[in-house]
Amino acid sequence: MAGGVRFKDTSFKTNKKAKEIEISEEDINRHHQNAKKWLNESFKKDDNPLGMAQKTEFIIKIPTYRLSYLKEVEELMTLLCKSKSLDLTMKLDKYSMTISTTANTYDPYIIIRGRDFCRFVARGVPVDIAKMLFEDDTLYEIIPIRKFIQNQDRFIRRRQRLLGPKGETLRSIEILTKTNLVIMGKTVAIMAKTERAINKATEIIVDCMKNIHPLHHIKHLMIRRELENNPEMANADWSKYTPNFKKKSINMPKRKKKKQNKEKGFDSSNPNDPLNIPKIEPSKIDKQLETGEYFMSDAEKEAKKAASIAKRSAAAARDRAQRDLNRQQAPADFQPVQQGNQRDVRQMIDNIQKRKR
């Protein structure tokens, strides 16, 4: 049959030869129409004519630095929410805004998108870009980038590296990945039409926080974009054309560990050694428990105290008596002075008296 498709129908249960079956273009178009029913279609009012059973509302906090901008776009945000059958109430004096469903709301998921719309605007995303969140084919994500770096100065430098001079680096990432990126504080908001674009943008942001420059990814995406536009390279191997950037690691010399003495079992000089347990002196109660004094009565304690005092006094008296006895006795190496002749002594006295005259 002209214009048909021919393929082989193979049977796995029997050993029969394959049969050639012809299918017309009408059958193919009919199958395509049936497949379109499975596609995600927009939610219509006919799908939920009774509306919502209960009111749902969310309260979003507003930072101080966004008050002046929200005052200017308050009417625009209210009209956008009203077009989606949502009610938006601004309470700028209380730094909050409330979004809730109305009696005309029929889409059960529109309140979630309205909540995220208010969050993105409060975070720093312009209303013209944030209104994309009301579309069913728009995907979005908020990435916390502060958790990757502990040092505050290093975090600021790498966030500025992602932004680039005059925002050129961020704009290049948006064009190549087909996303909308907004850096505000410690987070990055991403909006795109496909999940693949969000994953690629997330990879670039995370790698930038891990000290891999985003220019490497930009160069890789630019080369890949040129190869995709070239029909001759459709079936070629792209690995030799795309650059492969790897982080260089320097082999630092390893520090030698001190060998512990196996005989001792622990290093007494190391206070961090778990086996080096400091000695704890026993308390007064522990000493009384060891001697049995803890269980004595008051009379027994006083008698024991008096006996110890008498014992110490007797020992002190013995020590004093021994010292007195030692003073009275001559030392063992004592030698008495030898007496000289009496005549010589008298002659010396006479000589002394003559000199005085």
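Look up a bit, the structure's there.
Definitions and cut-offs
- Residues numbered from 1 in each chain as written.
- Predicted model: local features only at pLDDT ≥ 70, side-chain atom pairs only at ≥ 80, totals over all residues.
- Heavy atoms only, no water.
- Helix = DSSP H or I, 4+ residues; strand = E, 2+ residues; numbered from the N terminus.
- Buried < 20%, exposed > 50% of the residue type's maximum accessible area, 1.4 Å probe, protein only.
- Contact = heavy atoms within 4.5 Å.
- Areas by Shrake-Rupley, 256 points an atom, 1.4 Å probe, with all protein chains shown as cover.
- Pairing = 2+ DSSP bridges.
- Axes fitted to C-alpha atoms, helices over the stretch in contact; angles between N-to-C directions.
- 1 Å grid on protein atoms, 1.4 Å probe; cavity = no way out; pocket = protein on both sides within 12 Å on 5 of 7 lines; lining within 4 Å.
- Points joined across faces, edges and corners; volume = space filled by probe spheres on them.
- Nonpolar A, V, L, I, M, F, W, Y, C, P; charged D, E, K, R; others polar.
- Phe/Tyr/Trp six-rings, centres within 6.5 Å; stacked < 30°, edge-to-face > 60°.
- Lys NZ or Arg CZ within 6 Å of the ring centre and 35° of its normal.

**Details of the overall build of the protein chain**
If you tally the helices and strands in the protein chain, you get 12 helices and 8 strands. Expressed as a percentage of its 357 residues, the buried residues of the protein chain come to 24%. In the protein chain, once contacts between residues fewer than 6 apart in sequence are set aside, the share between residues at least 24 apart is 53%. Element-wise, carbon and sulfur atoms account for 51% of the exposed surface of the protein chain, whose accessible area totals about 29,100 Å².

**Structural notes on the environment of L139**
The topology assignment puts L139 in strand 6 (residues 139-144). Given a relative accessible area of 33%, L139 falls into the partly exposed group. C-alpha of L139 to C-alpha of I198: the two residues are 59 residues apart in sequence and 7.9 Å apart in space.

**Topic: the sheet that holds strand 5 (residues 96-101)**
Spatially, 3 strands are ordered 3-5-4 in an open sheet, and the strand pairing comes out antiparallel. Each having just a single partner strand, strand 3 (57-61) and strand 4 (86-91) make up the two edges of the open sheet. Direction aside, the axes of adjacent strands within the sheet are offset by 15° on average. By the bridge criterion, 6 bridges tie strand 4 to strand 5 in an arrangement that is antiparallel. Each residue of the ladder has a partner; that of M90, found in strand 5, is M97.

**Here's the deal with the layout of surface pockets**
To locate leftover empty space, one rolls a probe as large as a water molecule over the atoms. For the largest pocket, the calculated volume is near 480 Å³. Looking at the largest pocket, it is lined by 14 residues, and the ones nearest its centre are L176, T177, R196, L221 and E228. For the lining of the largest pocket, the secondary structure elements donating two or more residues are helix 7 (168-177), helix 8 (195-209) and helix 9 (214-229). Ranked by residue count, the leading element in the lining of the largest pocket is helix 9, at 5 residues. When its residues are assigned to classes, the lining of the largest pocket shows 4 nonpolar, 3 polar and 7 charged. If you go around the second largest pocket, the residues you meet are S42, F43, S83, K84, S85, T105, Y106, D107, I110, F134, E135 and D136. Here the lining of the second largest pocket is built from residues that sort into 4 nonpolar, 4 polar and 4 charged.

**Side note on the sheet that holds strand 6**
Backbone-to-backbone hydrogen bonds pair the strands of a sheet. The strands run either parallel or antiparallel. Taken in spatial order, the 3 strands of this open sheet run 6-8-7, and their pairing is antiparallel. Every interior strand has two partners, whereas the edge strands, strand 6 and strand 7 (179-184), have only one. Taken over all neighbouring pairs, the strand axes of this sheet differ in orientation by 15° on average, direction set aside. In this structure, strand 7 lies alongside strand 8 (residues 187-192), joined through 6 bridges in antiparallel fashion. Each bridged residue has a counterpart across the sheet, and for V182 the counterpart in strand 8 is A189. The strands that helix 4 (residues 110-123) touches are strand 6, strand 7 and strand 8; relative to strand 6, the one it contacts most, it runs at about 45°.

**Some words on the packing of aromatic side chains**
Applying the stated criterion across every chain, the model contains 3 aromatic pairs. Relative to F134, the ring of F117 lies with its centre 5.0 Å away and its plane at 45°, an arrangement referred to as tilted. With F117 in helix 4 and F134 in the loop between helix 5 (127-130) and strand 6, the pair connects residues that are 17 residues apart, well separated along the chain. Neither residue differs from the other here; F117 and F134 are each classed as buried. Between Y294 and F295 the ring centres are 5.5 Å apart and the planes differ by 90°, which places this aromatic pair in the edge-to-face class. Judged by its relative accessible area of 65%, F295 falls in the exposed class. Above the face of the F58 ring, R115 is positioned so that its terminal group lies 5.2 Å from the ring centre. When the ring centre of F155 is taken as reference, the NZ or CZ atom of R146 above it lies at 5.1 Å.

Function-wise, these values are silent; they only describe arrangement.
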